[in-house]
Amino acid sequence: MKPITEEDLRASFVNCSRGEAKRLGLPRGFTDLPWDDLDFLGWRDPGAPARAYLVAERDDSLVGIALRVTSGASRAFTSRSMCSLCLTTHTSGGVALMTARRTGEAGRQGNTVGQYMCADLACSLYTRGKRQAAGGAAVEESLTLEEKVARTRANLRSFLAKVPG
């Protein structure tokens, strides 16, 4: 992902108002992020843990999605869940259901789309082996790094395509 400015980030959101985009909390260390290792920028709002944001490049422009994190009962440490974007398995709350309000009339009627994602939205780093999931080793795969990155990006594109109403 190419580095982006705060102004571009705030202007990219498609499923929230300009006022909401203006007030959202930026990710910690925004200016020092590892942009070359990111397929998308995702973060939880430091001031509102039930909110998360995802910004991705699509067709030479940025698309930002405001997400709600569904709070569920904590699972046992031995229980595992898998992120549907990067296919990383996590234990004990490492995966969360995140929902995005759809755009247009569908969104005004309250329609949302959801996806199980890494709770910290660090899918790009898990895919590249720059971060390890807590509680266990990664699943062994025969895919190359490039193929894993392509799969994560394809899963992300599929999710982003569901948001427009």
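Starting from 1, residues in each chain are numbered consecutively following that chain's sequence as written. Local features in this predicted model are restricted to residues of pLDDT 70 or higher, and side-chain atom pairs are both shown and tallied only at a pLDDT of 80 or more, whereas totals for entire chains, interfaces and linings draw on every residue. With hydrogens and water stripped out, all remaining heavy atoms of the structure feed into the side-chain values.

**Student:** How should I be thinking about the overall build of the chain in this particular structure?
**Tutor:** For helices the rule is a DSSP run of H or I covering at least 4 residues; for strands it is a run of E covering at least 2, with both sets numbered from the N terminus onward. Helices and strands together make up the secondary structure of the chain, namely 5 helices and 7 strands. In this treatment the radius of gyration is a C-alpha quantity, and the globule benchmark scales as 2.2 Å times the residue count to the 0.38 power. A compact globule built from 165 residues should have a C-alpha radius of gyration of about 15 Å, and the chain, at 16 Å, falls within 12% of that. C-alpha atoms of the chain, sized along the principal axes, occupy 40 × 35 × 30 Å. Residue exposure (1.4 Å probe, protein chains only): buried if accessible area is under 20% of the type maximum, exposed if over 50%, otherwise partly exposed. Across the 165 residues in the chain, those meeting the buried criterion constitute 43%. Only heavy atoms matter for contacts: two residues are in contact if any of them lie within 4.5 Å across the pair. In the chain, of all internal contacts separated by at least 6 residues, the share reaching a separation of at least 24 is 56%. When the accessible surface of the chain is summed, it comes to about 9,200 Å², and 49% of that surface belongs to carbon and sulfur atoms. Charge convention: Lys and Arg are scored as positive, Asp and Glu as negative, and His as well as the terminal groups of each chain are ignored. Taken as the charge location is NZ of Lys, CZ of Arg, CG of Asp or CD of Glu. Where the 23 positive side-chain charges of the chain centre and where its 18 negative ones centre are 8 Å apart. The protein chains shown are the only cover counted for residues, whose accessible areas, like all others here, come from Shrake-Rupley with a 1.4 Å probe.

**Student:** It is not clear to me how the packing of aromatic side chains should be interpreted in this structure. Could you clarify?
**Tutor:** Pairs of aromatic rings are described using the distance from one ring centre to the other and the angle between the two planes. We call Phe, Tyr and Trp rings a pair once their centres come within 6.5 Å, taking the six-membered ring for Trp, and we label the pair stacked below 30 degrees between planes, edge-to-face above 60, and tilted otherwise. The full count for this structure, using the stated rule, is 3 aromatic pairs. Taken together, a centroid distance of 5.9 Å and an interplanar angle of 85 degrees make the contact between F30 and W35 edge-to-face. W35 sits in the buried class, given a relative accessible area of 9%. With a centroid separation of 5.3 Å and an interplanar angle of 40 degrees, the aromatic rings of W43 and Y53 are classed as tilted. You can see W43 sitting in strand β1 (residues 40-45) and its partner Y53 sitting in strand β2 (residues 48-58), a full 10 residues away along the chain. Across the pair, Y53 and W43 agree in class, each one buried.

**Student:** Would you mind going over the sheet that holds strand β3 (residues 61-69) with me for this structure?
**Tutor:** Hydrogen bonding along the main chain pairs the strands of a sheet, whether they run parallel or antiparallel. A sheet is described by the order of its strands in space; here 5 strands give the open sequence β1-β2-β3-β6-β7, paired in antiparallel fashion. If you trace the sheet from one side to the other, it starts and ends with β1 and β7 (112-118), each paired once. Adjacent strand axes in the sheet meet at a mean angle of 30 degrees, parallel and antiparallel pairs treated alike. Note on pairing: two strands pair once DSSP finds at least 2 bridges between them. Note on method: axes are straight lines fitted to C-alpha atoms, helices fitted across the in-contact stretch only, with angles between N-to-C directions ranging 0 to 180 degrees.

**Student:** Honestly, the nonpolar core in this entry has me stumped. Any pointers?
**Tutor:** In a soluble, globular protein the nonpolar side chains are often hidden away together inside. By size, the foremost hydrophobic cluster in this structure holds 28 residues, and its most contacted members are L54, L67, M98 and M117. Elements that contribute at least two residues to this core include exactly β2, β3, β6 (95-101), β7, α4 (123-127) and α5 (145-162). Filtering out sequence-adjacent residues up to four positions away, M98 remains in contact with R44, A52, L67, R68, V69, V113, G114, Q115, M117, C118, A119 and L121. Counting 16 residues, the second largest nonpolar core, distinct from the first, contains L9, F13, V55 and A66. Only buried residues count toward a nonpolar core. Its members are Ala, Val, Leu, Ile, Met, Phe, Trp, Tyr and Cys residues joined through side-chain atoms within 4.5 Å.

**Student:** For this particular structure, what's the right way to read the pairing of β2?
**Tutor:** Working note: regular strand, side chains alternate between the two faces of the sheet. Relative to β2, β1 runs antiparallel, the two being bridged by 6 bridges. Residue pairing for β2: L41 is matched across the bridge by V55. Count of turn residues in the β1/β2 antiparallel hairpin: 2 residues. Between the end of β2 and the start of β3, which pair antiparallel, lie 2 residues, with D59 showing a positive phi angle near 55 degrees.

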